[in-house]
Amino acid sequence: MSTKSFTPRELVGELDRYVVGQHKAKKAVSIALRNRWRRQQVSPELREEIAPKNILMIGPTGVGKTEIARRLAKLANAPFVKVEASKFTEVGYVGRDVESIVRDLVEQGLHLVRAEAIENVKTRAHDVAEERLVVMIAHKRQGTDRPQPPPPPPPSGPPGLGNLGQLFMGMQPPPAPPAPPDSVISELRTKLRAGSLDDESLELDVADDAMPMVQMFSGMQGMEDLEKGLRDAFSNVPGMKGRTKRRRVKVKDALKLLEAEEAQKLVDQDTLVREAIERTEQSGIVFLDEIDKIAGRQGAQHGPDVSREGVQRDLLPIVEGSTVNTKYGPVKTDHVLFIAAGAFHVAKVSDLIPELQGRFPIRVELESLGKDDFVRILKEPKNALTKQYQALLRTEGVEVTITDDAIEAMAEHAGEANERMENIGARRLHTILEAVFEELSYKAAEMSGEAVTIDRTYVEDRLRPILKNEDLSRFIL
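Okay, so let's go over this structure. (Residues numbered from 1 in each chain as written. Predicted model: local features only at pLDDT ≥ 70, side-chain atom pairs only at ≥ 80, totals over all residues. Heavy atoms only, no water.)

Another point: the overall build of the protein chain. From N to C terminus, the protein chain includes 20 helices and eleven strands. Across the 477 residues that make up the protein chain, the buried fraction comes to 40%. Within the protein chain, residue pairs in contact and separated by at least 24 positions form 77% of the contacts whose partners lie at least 6 positions apart. Working note: accessible area of the protein chain is about 26300 Å², and carbon and sulfur atoms make up 53% of it. (Helix = DSSP H or I, 4+ residues; strand = E, 2+ residues; numbered from the N terminus. Buried < 20%, exposed > 50% of the residue type's maximum accessible area, 1.4 Å probe, protein only. Contact = heavy atoms within 4.5 Å. Areas by Shrake-Rupley, 256 points an atom, 1.4 Å probe, with all protein chains shown as cover.)

Right, here's the structure in full:
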């Protein structure tokens, strides 16, 4: 289903398959996404004037803020990045600068566009790769798979070139090996398609992307952009781009490598970049998490609050709409949709600077989750945790049945744990289910062919030792 065919009601229905409750938030993001399609239908003059209505989600952790935004981007097939506002620092401090958000968003857009383009040429790339591979196997069997050494240089080069002429005359490419007979090619192609050559090995020249000099920056805070810049710089150095190394691979792996290589040749990189920038500018979605962590208290004039307000002021131009220079060219953020989220337990929305508050006109408060919500989360979503555990244990040949009263028990304990300790929302279910399934997961490899029923008694037996010890429950649940 394309983005165009999604009405707001249909979008909410799609989100309901993965996220329980939070109808107000789903409704807000669905309207925002539909407005993007509506904007594309108006006249070009007015289109540029219609700005996206950014959304601020307010609610405790684990209630579905991130999941709603991520699923929305997936439905829209739009470039999406999730960033934590607390990772950014004011200009002049060590840390990531806010413009890296846009650079990351463009990278995501390019990844999406490239994947679509490669999918479109997949059949052609497979056919060309298959022909190349068949010829390589034929040459290998003839003993002509390796390039022949260049002939010795002639005694003298063209007049006036001296030794330089000899050098260039001696660098002629080796003669091509004779083409295999059509009958051999046809026979090998049939065997390749039947899979009888899959385990045969051959030597293949593959692209060498290793750049050890750049690896030293990996993992260093604030060095991500420097690392990317160095990689791009090294890739343009003569001799670095297009380098290959020889590897021995199985035929089935060689076919995949050759397919990828041929697909890259069939797509136009300049067109991909233009489309990626266009999609980023018109469809990009940025999820700004933990925005409450950069909300400084009113009247603070020193200490960390100064840096927090500085981050807000640095974010403001990006959210308002500005042009950011990336390695692919300038990117405008005027029509990028920003979805901010925060718990706002300590700080309030009014603690954000007024200019930033004004850029998030839609405010949505998400509800805390209770026992009934947890029951639905464990039963209804397409990717429910219970379904995940059942699928994992099925790989060991163990068929697990989870009764309704077991789900009720797990939901009750999750709700109680959130009340007694920190409220971490649906994330509490991960710790509850892990404690319930721990012993079964440990023994599953020795239980192939068995069927296990998990009921309330089973759940209570696994959780009782933890719940009985108040201090232990704080650490485990």
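So, next bit.
The subject of this paragraph is the environment of Asn418. For Asn418, the location among the structural elements is in helix H17 (residues 404–420). With 49 residues separating them in the primary sequence, Asn418 and Leu369 have C-alpha atoms 9.3 Å apart. Excluding its chain neighbours within four sequence positions, the residues that come into contact with Asn418 are Phe374, Asn423, Ile424, Gly425 and Arg428.

What follows deals with the pattern of salt bridges. When charged atoms on two side chains of opposite charge get close, those side chains can pair. Counted according to the given criterion, the structure contains 30 salt bridges. Two residues, Glu107 and Lys327, come together in a salt bridge whose shortest N-O distance is 3.2 Å. On the criterion of sequence distance, the pair formed by Glu107 in helix H5 (residues 99–120) and Lys327 in the loop between strand E6 (323–326) and strand E7 (329–332) is long-range, its members being 220 residues apart. Residue Lys327 is classed as partly exposed on the basis of its relative accessible area of 47%. (Salt bridge = Lys/Arg side-chain N within 4 Å of Asp/Glu carboxyl O.)

Our next topic: the packing of H5 against helix H12 (residues 269–283). Packing of H5 against H12 brings their axes to within 8 Å, and their N-to-C directions diverge by 125°. With respect to their mutual orientation, H5 and H12 come out oblique. Between H5 and H12 the crossing geometry is right-handed. Taking contact as the criterion, the partners of Leu105, Val106, Gly109, Leu110, Leu112, Val113, Arg114, Glu116 and Ala117 in H5 are, on H12, Gln269, Leu272, Val273, Glu275, Ala276, Arg279 and Thr280. Class assignment for the residues of the contact of H5 with H12 results in nine nonpolar, three polar and four charged. (Axes fitted to C-alpha atoms, helices over the stretch in contact; angles between N-to-C directions. Parallel < 35°, antiparallel > 145°, perpendicular 65-115°, else oblique. Left-handed = near helix turned anticlockwise from the far one by under 90°. Nonpolar A, V, L, I, M, F, W, Y, C, P; charged D, E, K, R; others polar.)

Time to look at the packing of helix H2 (residues 23–41) against helix H4 (residues 65–76). Taken N-terminus to C-terminus, the directions of H2 and H4 make an angle of 30°; their axes are 11 Å apart at the nearest point. Considering the angle they form, H2 stands roughly parallel to H4. Seen along the crossing, H2 lies across H4 with a hand that is right-handed. Residues Ala25, Lys26, Val29 and Leu33 of H2 form the contact with H4, whose participating residues are Ile68, Leu72 and Ala76. Class assignment of the residues belonging to the contact of H2 with H4 gives a composition of six nonpolar, no polar and one charged.

Bringing H4 into the picture now. Helix length check: H4 (twelve residues) gives 17 Å between terminal C-alpha atoms against 16 Å at 1.5 Å per residue, within 8%. Among the residues of H4, Lys65, Thr66, Ile68, Ala69, Arg71, Leu72, Ala73 and Ala76 are the ones counted as buried. Buried-residue contacts for H4 involve helix H1 (8–16), H2, strand E1 (55–58), strand E2 (80–84), strand E5 (285–289) and strand E8 (337–342). Within two residues after H4, Asn77 carries a phi angle of roughly 55°, on the positive side. (Expected span 1.5 Å × (residues − 1).)

With that out of the way, let us pick up the environment of Ile454. Turning to its location among the elements, Ile454 is positioned in strand E11 (residues 451–454). Each C-alpha atom of the pair Ile454 and Val436 lies 9.1 Å from the other, and the pair is 18 residues apart in sequence. Not counting residues up to four positions away in its chain, the partners in contact with Ile454 are Val400, Thr401, Ile402, Thr403, Ala406, Val436, Phe437, Leu440 and Val459.

In total, this model carries one aromatic pair according to the counting rule given. Look at Tyr389 and Phe437: their rings are 4.6 Å apart centre to centre, the planes differ by 25°, and that puts the pair in the stacked class. In this pair, Tyr389 sits in helix H16 (residues 385–394) while Phe437 sits in helix H18 (residues 427–443), placing the two residues 48 residues apart along the sequence. Accessibility classification places Tyr389 together with Phe437 in one group, the buried group. (Phe/Tyr/Trp six-rings, centres within 6.5 Å; stacked < 30°, edge-to-face > 60°.)

Another point: the sheet that holds E5. Spatial strand order, E2-E5-E8-E1-E9: five strands in an open sheet with parallel pairing. Single-partner strands in this sheet number two, and they are E2 and strand E9 (362–365). Pairs of neighbouring strands in the sheet enclose a mean axial angle of 20°, with direction left out of account. Relative to E8, E1 is paired through four bridges, and the arrangement is parallel. Pairing of Ile58 across the sheet is with Gly342, part of E8. Contacts from H2 reach E1, E5, E8 and E9, with the element oriented near 165° to E1. Packing of H5 onto the sheet brings it into contact with E2 and E5, and relative to E2 it is tilted by some 150°. (Pairing = 2+ DSSP bridges.)

Ranked by internal contacts, the top residues of the largest apolar core, which has 60 residues, are Met57, Ile339, Met410, Val436, Phe437, Leu440 and Ile454. With seven residues, H18 is the single largest residue contributor to this core. (Core = buried A, V, L, I, M, F, W, Y, C linked by side-chain atoms within 4.5 Å.)

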